[in-house]
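# Fold and geometry: a report
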Amino acid sequence: MSCLFCKMVEGDIPVDKVYEDDDVLSFRDINPQGPVHIQVIPKKHIATLNDAVPEDQAVLGKMALVASQIAKEEGFAEDGYRTVMNCNSHGCQSVYHIHLHLIGGRQMSWPPG
């Protein structure tokens, strides 16, 4: 499989791991958009949010809960943070394996780009 994130899940590409369990993997982004920028991905390959099916509901919810847990552990949950899931080209998705960006450690602006 040529999916970058699947290779990370398989351990073929090393990551700066933050969290891992049977369903999700979380790691620090190599091109951070804030003082803290962490990716939360499902271990199951789902190319885009449009490809998610009802059976994926639990892992999608788990991704959000893991992001919240990490924000607390990293110490910026109280100040706040942003979570983002991009979908397809107009949404600026660059890796076609769904992922939740967790960005914190600074004041965010609105509207986002």
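As annotated in an unreviewed UniProt entry, the chain carries the name Zinc-binding protein and comes from Endozoicomonas numazuensis.

Right, let's get into the UniProt feature "active site" (unreviewed entry) in the chain. The UniProt entry lists His-99 under the feature "active site" (unreviewed entry), expressed in the numbering used here. Take His-99: it is sitting in the loop between β4 (81-84) and β5 (100-104). Residue His-99 is classed as buried on the basis of its relative accessible area of 5%. Leaving out residues up to four positions away in the same chain, His-99 has contacts with Phe-5, Gln-39, Val-40, Ile-41, Met-63, Val-84, Met-85 and Gln-93. At 2.7 Å, the side chain of His-99 and the backbone oxygen of His-97 are in polar contact.

Quick look at the pairing of strand β3 (residues 36-42) now. A large share of β3 lies buried, amounting to seven of its seven residues. Across five bridges, strand β2 (residues 24-28) lies against β3 in antiparallel orientation. Bridging from a neighbouring strand, Leu-25 pairs with Ile-41 of β3. Bridging between β3 and β5 involves five bridges; their strand directions are antiparallel. From the neighbouring strand, Val-40 faces β5, where its bridge partner is Leu-100.

Reading the values: rules and limits
- Per chain, residue numbering runs from 1 following the sequence as it is written.
- With the structure being a predicted model, the display of local features is reserved for residues of pLDDT at least 70 and the display and counting of side-chain atom pairs for 80 or more, all residues being used for whole-chain, interface and lining totals.
- Side-chain calculation: all heavy atoms of the structure are included, whereas hydrogens and water are not.
- UniProt positions are given in the numbering used here, feature names are shortened, and annotations may be inferred rather than shown by experiment.
- Put simply, DSSP H or I for four residues or longer makes a helix, DSSP E for two residues or longer makes a strand, and each gets a number counted from the N terminus.
- Three exposure classes are used, based on accessible area relative to the maximum for each residue type with a 1.4 Å probe and protein chains only: buried under 20%, partly exposed in between, and exposed over 50%.
- What makes two residues a contact is simply this: any of their non-hydrogen atoms within 4.5 Å.
- Polar contacts here mean pairs of N or O atoms no more than 3.5 Å apart (in protein, one a potential hydrogen donor and the other a potential acceptor; neighbouring residues in sequence count only if both atoms are side-chain atoms).
- In this analysis, strands are considered paired if DSSP registers two or more bridges between them.

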